[in-house]
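These are the residues of each chain, in order.
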Amino acid sequence: MPARTVPPFRADHVGSLLRPPELLGARNDHAQGRISAEELRDAEDTAIRSAVEMQRDAGLQSATDGEFRRTSWHMDFIYQLGGISPADEKIRVRFHNEAGDLDFTTAALRVHDKVRLEHTIFADHFRFLQGLTTTATPKLTIPSPNMVHYRGGPASIDPRVYPDLEEFWSDLSTAYAEQVRRLGELGCRYLQFDDTSLAYLNDPAQRAMIAERGDDPDNLHLRYIRQINAALAHKPDGMAVTTHMCRGNFRSSWTAEGGYDFVAEALFGELNVDGFFLEYDDARSGGFEPLRYVPEGKMVVLGLVTTKRGELESKDDLKRRVDEAAKFVPLDQLCLSPQCGFSSTVEGNVLTRDEQAAKLRLITETAREIWS
């Protein structure tokens, strides 16, 4: 079976990486006014150079900047869209882990004006990464347009700005489509839309929350699929776009549970992306049966290696699970990755950077043995 020369690759990863202590220290120093923005940028540049080298040494064909310039995987992007700002009220999200529960508190967002793209978001991030990659394909991750709506729902949208919500959806897609076009002009050939909404909607508890706030829990995933498709309707030739769907990732904890069954038929059959990064590291993610809806030509990146713990998975167990998935979608359409990022927020998951590197090496070695 030939190696893949276009994304997603047989061995890949979601995007975020654990921040090194030096970078965390620099961020804190900048927040306290002890160093300048330029000094923080220098610290970020140094850390990203090392991260790209680590990915290369692990044998990966793609490279990200680890999202080292961000605090959060999604809000650093969303707040740069015109017409959107943090709100005064707070949102509390409850996460779960083996030891118990913990809460993540962040500012709500407010759509206070027409949504628009005022500048190419993360353009400088991508240019710097692009300048560091000689053999690997530079990959940029951004939140999907769905995340603008899922975080706050209809209550976050000022009705005086959007008395007709269809105008909001149209403006949101237009802004994202322009972002995609501009990234293509920069030379981006590997773009990923990160999304929790389409995975969360498989959880009955999440659908109940959606109903309580006035949305349609039975059809919201169809709206979200249309939004992504509209954003990608004119994507540049040669750009591969994937989506990553997870059920929450904060300090090795999760929010939602349940297989992909509720959204699978529409998701796999209608979403116009080149590949799906799917969380499959434990029983909470359900079985592989929903993969029977994946059409020919679409890639599935199995997130079989957890980023929530440092213990290394067994190669034999990984190969066995890939074989199980291949009962529902051809082996040639499968790839291997971690189940999520290692550091969706600046705090990071509960494992070491050496354990992170070992997991990435495990993925490349196992993929080579499976698909070579």
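Here goes a summary of the coordinates provided. (Residues numbered from 1 in each chain as written. Predicted model: local features only at pLDDT ≥ 70, side-chain atom pairs only at ≥ 80, totals over all residues. Heavy atoms only, no water.)

1. Quick look at the overall build of the chain
Across its full length, the chain carries 12 helices and 10 strands. On C-alpha atoms alone, the chain measures out to a radius of gyration of 20 Å, which is about the 21 Å that the 2.2 N^0.38 rule sets for 372 residues. Viewed in the frame of its principal axes, the chain has a C-alpha envelope of about 60 × 50 × 45 Å. By the burial criterion, 58% of the 372 residues in the chain qualify as buried. In the chain, once contacts between residues fewer than 6 apart in sequence are set aside, the share between residues at least 24 apart is 80%. With an accessible surface of roughly 15,100 Å², the chain has 48% of that area assigned to carbon and sulfur atoms. Charged side chains in the chain number 44 positive and 58 negative. The centres of these two groups are separated by 1 Å. (Helix = DSSP H or I, 4+ residues; strand = E, 2+ residues; numbered from the N terminus. Rg over C-alpha atoms; globule rule 2.2 N^0.38 Å. Buried < 20%, exposed > 50% of the residue type's maximum accessible area, 1.4 Å probe, protein only. Contact = heavy atoms within 4.5 Å. Areas by Shrake-Rupley, 256 points an atom, 1.4 Å probe, with all protein chains shown as cover. Lys, Arg positive; Asp, Glu negative; His and termini not counted. Charge placed at Lys NZ, Arg CZ, Asp CG, Glu CD.)

2. Details of the sheet that holds strand E10 (residues 334-338)
With respect to topology, six strands assemble into an open sheet ordered E5-E6-E7-E8-E9-E10, the strand pairing being parallel. Either end of the sheet is taken by a strand with one partner, and the two such strands are strand E5 (140-143) and E10. Put simply, the sheet's adjacent strands are angled 25° from each other on average, direction ignored. Summarising the sheet, E5 and strand E6 (residues 190-195) pair through four bridges and their orientation is parallel. The partner of Leu140 across the bridge, within E6, is Leu191. (Pairing = 2+ DSSP bridges. Axes fitted to C-alpha atoms, helices over the stretch in contact; angles between N-to-C directions.)

3. Considerations on the nonpolar core
Membership of the largest hydrophobic core comes to 96 residues, with the highest contact counts inside it found for Leu191, Leu291 and Leu302. Those residues in contact with Leu191 that lie beyond four places of it in its chain are Leu140, Ile142, Val180, Leu183, Met239, Ala240, Val241 and Thr242. Judged by nonpolar contacts, the second largest core, of seven residues, contains Tyr190, Met299, Val301 and Cys335. (Core = buried A, V, L, I, M, F, W, Y, C linked by side-chain atoms within 4.5 Å.)

4. Let's talk about unusual backbone geometry
Put simply, Pro7 and Pro8 share a cis peptide bond, and its omega is -10°. With respect to the helices and strands, Pro8 occurs in the segment before helix H1 (21-31). One non-glycine residue with positive phi stands out, namely Glu67, at about 60°. Along the chain, the position of Glu67 falls in the loop between strand E1 (62-63) and helix H3 (75-78). Classification of Glu67 by relative accessible area gives buried; the value is 4%.

5. Re the packing of helix H2 (residues 37-57) against helix H4 (residues 123-132)
Look at H2 against H4: their axes get within 10 Å of each other, and the N-to-C directions meet at 45°. Judged on the interaxial angle alone, H4 and H2 are oblique. Crossing hand, H2 versus H4: right-handed. Between H2, through Arg41, Asp45, Ile48, Arg49 and Val52, and H4, the contact on the second element is made entirely by Asp124, Phe128, Leu129 and Leu132. Here the contact of H2 with H4 is composed, by residue class, of five nonpolar, no polar and four charged. (Parallel < 35°, antiparallel > 145°, perpendicular 65-115°, else oblique. Left-handed = near helix turned anticlockwise from the far one by under 90°. Nonpolar A, V, L, I, M, F, W, Y, C, P; charged D, E, K, R; others polar.)

6. Focus: the pattern of salt bridges
Per the counting criterion, the structure on display carries 28 salt bridges. Residues Arg69 and Asp45 are paired through a salt bridge, measuring 2.8 Å at the closest nitrogen-oxygen approach. Linking Arg69 in the loop between E1 and H3 with Asp45 in helix H2, this pair joins segments that are 24 residues apart in sequence. Overlapping salt bridges bring together Arg41, Glu44, Asp45, Arg69 and Asp124 as one network. (Salt bridge = Lys/Arg side-chain N within 4 Å of Asp/Glu carboxyl O.)

7. Points about the pairing of strand E7 (residues 240-245)
Of all the six residues making up E7, six are buried; the element is thus mostly covered by neighbouring parts of the structure. Of the two faces of E7, the one holding Ala240, Thr242 and His244 and the one holding Val241, Thr243 and Met245 are both buried throughout. With six bridges connecting them, E6 and E7 associate as parallel partners. Across the sheet, residue Gln192 finds its bridge partner in E7, namely Thr242. Inspection of the sheet shows E7 paired to strand E8 (residues 275-279) by four bridges, in the parallel sense. Bridge pairing in E8 links Met245 to Leu278.

8. Some details on the packing of aromatic side chains
For the coordinates displayed, the defined rule picks out 12 aromatic pairs. When the ring of Tyr280 is compared with that of Phe288, the centres are 4.6 Å apart and the planes differ by 55°; the resulting orientation is tilted. The exposure classification of Tyr280 matches that of Phe288, with both residues buried. In this structure an aromatic cluster arises from ring pairing among Tyr150, Tyr162, Phe168, Trp169, Tyr200 and Tyr224. Over the ring of Phe262 we find Arg207; its NZ or CZ atom is 4.0 Å from the centre of that ring. The side chain of Arg247 reaches across the aromatic face of Tyr260, ending 4.3 Å from its centre. (Phe/Tyr/Trp six-rings, centres within 6.5 Å; stacked < 30°, edge-to-face > 60°. Lys NZ or Arg CZ within 6 Å of the ring centre and 35° of its normal.)

9. With respect to the state of the cysteines
The final tally for this structure, using the stated rule, is zero disulfides. Cysteine Cys188 is unpaired, with the sulfur of Cys335 as its nearest cysteine sulfur at 18 Å. We classify Cys188 as buried; its relative accessible area is 0%. Lacking any disulfide linkage, Cys335 is separated from the closest cysteine sulfur, that of Cys340, by 17 Å. (Disulfide = S-S within 2.5 Å.)

10. Quick word on the packing of helix H6 (residues 165-186) against helix H9 (residues 220-231)
Following both chains from N to C, one finds H6 and H9 inclined at 40°, their axes separated by 7 Å at the closest point. Compared by their axis directions, H6 and H9 come out oblique. Handedness of the crossing formed by H6 with H9: right-handed. Facing Glu166, Trp169, Leu172, Ser173, Tyr176, Ala177 and Val180 of H6, the residues of H9 in contact are Arg223, Tyr224, Gln227, Ala230 and Ala231.

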